[in-house]
Amino acid sequence: GPAWPGSGDPPPLPPPMPAQWGSNAANGEGGPLLDQQPPQQRPPSRRQAEFLGYNSVLQAYASKGDKAANAEEYLEKMIGSNLEPSVQSYNHVLKAWAREGNAAKAEACVARMRERHCELNVVSYTNLTQAHAKSGDLEAAIRVLDAMRADNVMPNHVTYTVLVDTHAKA
């Protein structure tokens, strides 16, 4: 039987795309969408580049063991360069203190964030929870969870995993 219902012929080809939709390669027509070059991204300003550089170094310190003091020192250097740390900047330092299990230093970092009106996010609270958990203080870790909820920050699976692991080891 025929390949197409109703006749032995294939269906007609669709009409060419309107020019504003792009290019019709079959007849060589171009359209504004495909003829335009992609927008060029402006290179970061010197200050943006400095900020990104500081955050990259902070991230590197956070991922290495026993480098929290270096991360804290570098954060101070960032502030001394008149760059305002972001929540991500502070989170790198919090992660470094959490890796070392130094809850007192992590709490001091959170206090500094609040002094500088830097809003804590789920990563901030989870890192603080991890610092208390690693230091073996399950009650303090649970208090962080309560503070998190009071600040309308929703815990995520990582936060709960930290708490469950800490409870299992207690």
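So, a few notes on the structure that sits alongside this text. Not measured: the values here are computed from a predicted model.

Analysis parameters
Residues numbered from 1 in each chain as written. Predicted model: local features only at pLDDT ≥ 70, side-chain atom pairs only at ≥ 80, totals over all residues. Heavy atoms only, no water. Helix = DSSP H or I, 4+ residues; strand = E, 2+ residues; numbered from the N terminus. Buried < 20%, exposed > 50% of the residue type's maximum accessible area, 1.4 Å probe, protein only. Areas by Shrake-Rupley, 256 points an atom, 1.4 Å probe, with all protein chains shown as cover. Phe/Tyr/Trp six-rings, centres within 6.5 Å; stacked < 30°, edge-to-face > 60°.

1. Quick look at the overall build of the protein chain
Within the protein chain, the secondary structure is distributed over eight helices and zero strands. Helices (α) and strands (β) of the protein chain occur, in sequence order from the N terminus, as α-α-α-α-α-α-α-α. Taken over 170 residues, the protein chain has a buried fraction of 32%. Taken as a whole, the protein chain presents about 11100 Å² of accessible surface, with 55% of it coming from carbon and sulfur.

2. Quick look at the packing of aromatic side chains
For the coordinates displayed, the defined rule picks out two aromatic pairs. A centroid spacing of 5.0 Å and a plane angle of 45° characterise the contact between Y54 and Y74, whose relative ring orientation is tilted. Of this pair, Y54 sits in helix α2 (residues 46-63) while Y74 sits in helix α3 (residues 68-80), and the two are 20 residues apart along the sequence. Residue Y54 shares its accessibility class with Y74, and that shared class is buried. Here the aromatic rings of Y61 and Y74 are separated by 6.2 Å at their centres, their planes lie at 70°, and the arrangement is edge-to-face. Taken together, the residues span a long stretch of sequence, with Y61 in helix α2 and Y74 in helix α3 at a distance of 13 residues.

Function cannot be read off these values alone, since they describe shape.
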